[in-house]
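# Reading the structure
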Amino acid sequence: DYVEAQVALAEALRRGGQAAQSIPHYEGALAISPSAGQAQLGYAMALIRVRRFADARDALDQGMKAHPDHPEFAHTQRRRTRIACRSAPLPAAAAA
């Protein structure tokens, strides 16, 4: 179906090093099927690759809520922690 085709194209682009180009295809799939687990996970991973860490964190949170027992989301908490560290602002003392 259309959602599966969009996700397959997005996955091919992301895995081929074209994360930015994959994002609209993930978004298209998620617009039609917001709970598509593979689309949610791939979307989050693409967002990480383009350094949109806050958006990736939100996408991972949504995926974890929708699929708490999904095997692909088993390591999401660790990913989420790393993303939080990357997107956190520097303390004022460290920035000076």
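Here, the structure is the one placed above.
Note that the structure is predicted; figures quoted are calculated from it, not measured.

Conventions adopted
- Sequence order sets the numbering: in each chain, residues are counted from 1 along the sequence as written.
- Two thresholds apply to this predicted model, a pLDDT of at least 70 for residue-level local features and 80 or more for giving and counting side-chain atom pairs, whereas whole-chain, interface and lining totals are computed over all residues.
- In computing side-chain values, all of the structure's heavy atoms are included and hydrogens and water are not.
- In DSSP terms, a helix is any run of H or I states spanning at least four residues, a strand is any run of E spanning at least two, and both are numbered starting from the N terminus.
- Every case where a carboxyl oxygen of Asp or Glu lies within 4 Å of a side-chain nitrogen of Lys or Arg is listed as a salt bridge.
- Each residue gets one of three labels from its accessible area relative to the maximum for its type: buried under 20%, exposed over 50%, partly exposed in between, using a 1.4 Å probe on protein chains only.
- For the purposes of this section, nonpolar cores are sets of buried Ala, Val, Leu, Ile, Met, Phe, Trp, Tyr and Cys residues that join through side-chain atoms within 4.5 Å.
- Here, two residues are considered to be in contact whenever any of their heavy atoms come within 4.5 Å of each other.

### Quick notes on unusual backbone geometry
Here the phi dihedral of arginine 51 falls at roughly 65°; this positive angle occurs in a residue that is not glycine. With respect to the helices, strands and loops of the structure, arginine 51 is situated in the loop between helix 3 (37-49) and helix 4 (53-66).

### Side note on the pattern of salt bridges
Side chains that differ in sign of charge can pair as their charged atoms come close. Under the defined criterion, the tally for this structure stands at three salt bridges. We note a salt bridge from glutamate 11 to arginine 14, for which the minimum N-O separation is 3.0 Å. Of the two residues, glutamate 11 and arginine 14 both sit in helix 1 (residues 2-15), three residues apart, roughly one turn of that helix. This pair shows no difference in class: glutamate 11 is buried, exactly as arginine 14 is. Put simply, aspartate 55 and arginine 52 hold a salt bridge, and the shortest N to O gap is 3.0 Å. Relative accessible area serves as the criterion here: at 35%, arginine 52 is assigned to the partly exposed category. Overlapping salt bridges bring together Glu11, Arg14 and Arg15 as one network.

### Brief notes about the nonpolar core
Ranked by size, the top nonpolar core spans 21 residues in total, and within it Tyr26, Ala39, Tyr43, Met45 and Leu47 carry the most contacts. With near-sequence residues (within four places) excluded, alanine 39 lies in contact with Val7, Tyr26, Ala29 and Leu30.

Read these as geometric descriptors, not functional statements.
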